[in-house]
Amino acid sequence: MFLETLLDVSSGSRHSRYFNQTRSYYLFRRIRVIALLLALIQPAWFVVDYFLLPDDMLDAIALARGIGALGCLLLALWTFKRYSLRLAQVRLAILVMLLSGFQTASSSLLLIHGYESNVAGYHFFPFMIITMMAIFPLAISEACCFTLGVLFIELVTQLLRGTAGSVEAINSLWLLAVLGLIAGWAAVNQLNMLLGLYRQATRDPLTGLANRRQALDQLSLDILQSREQKQALSVLLFDLDKFKHFNDNYGHAAGDLVLKSFAKVMRKQARKRIDLVCRYGGEEFLMVLPGLNAMQAKEVAEVIRLACHDEKVTAPNGNKIGFTTSTGVAELTANDDIESLLRRSDDALYAAKDAGRDQVSVAG
Ligand SMILES: Nc1nc2c(ncn2[C@@H]2O[C@H](COP(=O)(O)OP(=O)(O)OP(=O)(O)O)[C@@H](O)[C@H]2O)c(=O)[nH]1
């Protein structure tokens, strides 16, 4: 259990594409708020500098603050691919570099002008940066990179200042490492909590598949992404045939076993970390196939339809039950939104039922 949790939070590459998208958007929003705040605070802090720093330093510090504020503003306005984890990590690295860059520049300036870095909270900067990590839900690998990055920049700053190796400098590095451990632990805990809540809110308890809410959220995202990347996208809507008959003849528990068995068949055919498999409601299931056109999606539906013929469920009374499914296929068109895409797949599903069930029908 502990090992499983540890592996769960070790790296983002272990999570589903959908969770990664959710976390990326979460990271994007937090980075944006912090960048916006810093874009405002940086110039405002100049008032404090004005009273605390000597006149000959003000221009240089104002320039450093201006560059920092502009960088933060640009970062806040950068909305490209909000759902990409890779870009969320890049955004976080840029935020750390912007802050650290200002810290290195200001601390060098203070030294050149004969001021110690304990003016106006400057010496506090690296500690503030590392504590900021606790705000984000991060995997262990990401928290380690964050901590090592801040430690490295602090070491470079110490080398530039010529203080590296002194007791005070080693003490700073040690304190940063301890704070990195605490803030990193908080960040990893946030990720663990987010994962737990996400799973509870998005999974169907009977089959373990995604639930309808998640399917609709993810389908909207996938549609957006398909349009951005000019890729095809198709959906399959399945409905188990004469399902009422299983409940009536063998009992509700047998019906549940059929639902679980069908979920297993779907999961087996889905491409790992690409396709979304969901229980859409009752005995209806939905599969989202990014990158596949209607004909390719129809082939997947046929494989699933035939795989159902080989599945047998043992009812609580010992009976072996077979089941079949009807499927509607629809490919995303330029005029589609999520509602029209699902409506077309539903129409195709009804056409498959009308044609005698155990069939795959493609929307026109
Ligand atoms: N065992 C079980 N049955 C469910 C569940 N959710 C919905 N059902 C049943 O699914 C059945 C759906 O039946 P209908 O909508 O009439 O359709 P059908 O019998 O599959 O007939 P066709 O769709 O026309 O082939 C109903 O009897 C529901 O009670 C569930 O979670 N478990």
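On a predicted model such as this, the values are computed, not experimentally measured, just so you know.

## Re the overall build of the protein chain
Stage number 1. Along the backbone of the protein chain there are 13 helices and 7 strands.
Stage number 2. A compact globule built from 364 residues should have a C-alpha radius of gyration of about 21 Å, whereas the protein chain, at 28 Å, is more than 25% larger.
Stage number 3. Dimensions along the principal axes, computed over C-alpha positions, put the protein chain at roughly 90 × 45 × 25 Å.
Stage number 4. Relative to its full complement of 364 residues, the protein chain shows a buried share of 48%.
Stage number 5. In the protein chain, the proportion of contacts linking residues at least 24 apart, taken out of those at least 6 apart, comes to 71%.
Stage number 6. Total accessible area on the protein chain stands at roughly 18,300 Å², and carbon and sulfur atoms take up 63% of it.

## Here we look at the site of the ligand
Stage number 1. Around the ligand, a shell composed of 16 residues is seen, among which Lys242, Phe243, Asp256, Arg279 and Arg357 lie nearest.
Stage number 2. Residue Phe243 places a main-chain N or O atom 2.7 Å away from an oxygen atom belonging to the ligand.
Stage number 3. Alone, the ligand offers 670 Å² of accessible surface; in the complex the protein occludes 66% of this.
Stage number 4. Where the shell around the ligand is concerned, the elements lending two or more residues are strand E1 (233-240), helix H10 (243-250) and helix H11 (252-269).
Stage number 5. For the shell around the ligand, the leading source of residues is H11, giving 4 residues.
Stage number 6. Partitioned by chemical class, the residues of the shell around the ligand number 3 nonpolar, 4 polar and 9 charged.

## Brief notes about the confidence of the model for the protein chain
Stage number 1. Counting all residues, the mean pLDDT for the protein chain is 91, and 98% of those residues have values of 70 or more.
Stage number 2. The complex prediction reports pTM at 0.73, with the ipTM value standing at 0.93.

## Points about the domain arrangement of the protein chain
Stage number 1. One can read the domain layout of the protein chain as domain 1 (2-202) and domain 2 (212-362).
Stage number 2. Computed from C-alpha coordinates alone, the two centres of domain 1 and domain 2 are separated by 45 Å.
Stage number 3. Put simply, domain 1 and domain 2 have 1 salt bridge between them.
Stage number 4. Here Arg17 ties to Asp222 by a salt bridge, and the two come within 3.2 Å at their closest N and O atoms.
Stage number 5. In this structure, the connection of domain 1 to domain 2 is made through 9 residue pairs in polar contact (both at pLDDT 80 or more).
Stage number 6. Breaking the side of domain 1 that touches domain 2 down by element, the ones donating at least two residues are helix H2 (17-44) and helix H8 (167-202).
Stage number 7. Considering each element in turn, the side of domain 1 that touches domain 2 owes the most residues, 5 residues, to H2.
Stage number 8. Among the residues making up the side of domain 1 that touches domain 2, the classes are represented as 4 nonpolar, 7 polar and 3 charged.

## Section: helix H5 (residues 85-112)
Think of an α-helix as turning once every 3.6 residues; residues three or four places apart then point the same way.
Stage number 1. Its 28 residues give H5 an end-to-end C-alpha distance of 40 Å, which sits within 8% of 40 Å, the value for a rise of 1.5 Å per residue.
Stage number 2. Just past H5, the residue Gly114 takes up positive phi, approximately 80°.

## A closer look at the UniProt feature "transmembrane region" (unreviewed entry) in the protein chain
Stage number 1. In the numbering used here, UniProt assigns the "transmembrane region" (unreviewed entry) feature to residues 31-48, 60-80, 92-112, 124-157 and 169-188.
Stage number 2. Taken as a whole, residues 31-48 contains 94% helix and 0% strand, while its terminal C-alpha atoms sit 25 Å from one another.
Stage number 3. This span, residues 124-157, is 76% helix and 0% strand, and a straight line between its end C-alpha atoms measures 14 Å.

## Here's the deal with the nonpolar core
Stage number 1. Residues Leu95, Phe136, Phe146, Leu219 and Leu286 are the most contacted members of the largest nonpolar core, which totals 62 residues.
Stage number 2. If you tally residues by element for this core, the top one is H8, at 9 residues.
Stage number 3. Each of domain 1 (2-202) and domain 2 (212-362) gives at least three residues to this core.
Stage number 4. Those residues in contact with Leu219 that lie beyond four places of it in its chain are Leu233, Val235, Val288, Ile338, Leu341 and Leu342.
Stage number 5. Core analysis: the second largest hydrophobic core is formed by 30 residues, Leu236, Leu240, Val277 and Val300 among them.

## Things to note about the pairing of strand E6 (residues 325-331)
Stage number 1. Among the 7 residues that make up E6, 6 are buried, leaving the element largely enclosed by the rest of the structure.
Stage number 2. The pairing of E1 with E6 spans 7 bridges and is antiparallel. Following the sheet pairing, Leu240 is matched in E6 by Thr325.
Stage number 3. Direction of pairing for E6 relative to strand E7 (residues 360-362): parallel, over a ladder of 3 bridges. Of the residues in E7, the one forming a bridge with Thr327 is Val360.
Stage number 4. For the crossover from E6 across helix H13 (residues 338-354) to E7, the handedness is left-handed.

## A few points about the environment of Lys230
Stage number 1. In this structure, Lys230 sits in the loop between helix H9 (212-228) and E1.
Stage number 2. For Lys230 and Gly291, which are 61 residues apart along the polypeptide, the C-alpha to C-alpha distance reads 9.2 Å.

## Brief notes about the packing of helix H6 (residues 125-132) against helix H7 (residues 140-161)
Stage number 1. As a packed pair, H6 and H7 sit with axes 10 Å apart at the nearest point and diverge in direction by 170°. The orientation of H6 with respect to H7, classified from their angle, is roughly antiparallel. Packed against H6, whose contacting residues are Pro126, Ile129, Ile130 and Met132, the element H7 presents Phe146, Thr147, Val150 and Glu154 at the interface.
Stage number 2. Classifying every residue of the contact of H6 with H7 by side-chain character gives 6 nonpolar, 1 polar and 1 charged.

The rules we used
- Residues numbered from 1 in each chain as written.
- Predicted model: local features only at pLDDT ≥ 70, side-chain atom pairs only at ≥ 80, totals over all residues.
- Heavy atoms only, no water.
- Helix = DSSP H or I, 4+ residues; strand = E, 2+ residues; numbered from the N terminus.
- Rg over C-alpha atoms; globule rule 2.2 N^0.38 Å.
- Buried < 20%, exposed > 50% of the residue type's maximum accessible area, 1.4 Å probe, protein only.
- Contact = heavy atoms within 4.5 Å.
- Areas by Shrake-Rupley, 256 points an atom, 1.4 Å probe, with all protein chains shown as cover.
- Near = heavy atom within 4 Å.
- Polar contact = N/O pair within 3.5 Å; in protein donor to acceptor, adjacent residues only side chain to side chain.
- Nonpolar A, V, L, I, M, F, W, Y, C, P; charged D, E, K, R; others polar.
- pLDDT = per-residue confidence, 0-100.
- Domains from an automatic or database assignment.
- Salt bridge = Lys/Arg side-chain N within 4 Å of Asp/Glu carboxyl O.
- Expected span 1.5 Å × (residues − 1).
- UniProt positions renumbered as here; feature names shortened; annotations may be inferred.
- Core = buried A, V, L, I, M, F, W, Y, C linked by side-chain atoms within 4.5 Å.
- Pairing = 2+ DSSP bridges.
- Right-handed = clockwise from strand over helix to strand, strands pointing away.
- Axes fitted to C-alpha atoms, helices over the stretch in contact; angles between N-to-C directions.
- Parallel < 35°, antiparallel > 145°, perpendicular 65-115°, else oblique.

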